[in-house]
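Structural description and commentary
As a plain string of letters, each chain reads:
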Amino acid sequence: MSDAITHYRQLRELTIDELAYVLLMLDHPISADALAEMERCARPVTVDDLVAIAYVLDTTRGAAVAHPYRHAGTRGAFRHRAPE
């Protein structure tokens, strides 16, 4: 899921700070540091956070959860993650 946040954020040409600002304006504050940790898999993403982030990035929760991710042991190959 963290790859999906990064992917859709970059697709929308938003910085982490800009995403954090839009979330704040929508009354769902997540700090830029927290977003960066989510993108690095260093912080869990709650369902509420996922809904807010997906809304801002104009995607669906399902697309974010089902987004392909890089598996560390496959030299850049993509695998599909099962829904959590």
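Reference entry: report on the structure contained in this document. (Residues numbered from 1 in each chain as written. Predicted model: local features only at pLDDT ≥ 70, side-chain atom pairs only at ≥ 80, totals over all residues. Heavy atoms only, no water.)

1. Focus: the nonpolar core
Leu19, Leu23, Ile30, Leu35, Met38, Ile53 and Leu57 are the most contacted members of the largest nonpolar core, which has 16 residues in total. Elements with a minimum of two residues in this core: helix 1 (2–11), helix 2 (16–25), helix 3 (32–39) and helix 4 (47–56). For this core, the leading source of residues is helix 3, giving 4 residues. Excluding residues within four positions of it along the chain, Ile30 makes contact with Ala20, Leu23, Leu35, Met38, Asp49 and Ile53. (Core = buried A, V, L, I, M, F, W, Y, C linked by side-chain atoms within 4.5 Å. Buried < 20%, exposed > 50% of the residue type's maximum accessible area, 1.4 Å probe, protein only. Helix = DSSP H or I, 4+ residues; strand = E, 2+ residues; numbered from the N terminus. Contact = heavy atoms within 4.5 Å.)

2. Some thoughts on the packing of helix 2 against helix 3
Across the interface, helix 2 lies against helix 3 with an axial gap of 8 Å and an inter-helix angle of 115 degrees. Relative to helix 3, helix 2 is oriented so that their crossing is right-handed. For the pair helix 2 and helix 3, the contacting residues are Ile16, Asp17, Leu19, Ala20 and Leu23 in the first and Ala32, Leu35, Ala36 and Glu39 in the second. Looking at the contact of helix 2 with helix 3 residue by residue, the classes come out as 7 nonpolar, no polar and 2 charged. (Axes fitted to C-alpha atoms, helices over the stretch in contact; angles between N-to-C directions. Left-handed = near helix turned anticlockwise from the far one by under 90°. Nonpolar A, V, L, I, M, F, W, Y, C, P; charged D, E, K, R; others polar.)

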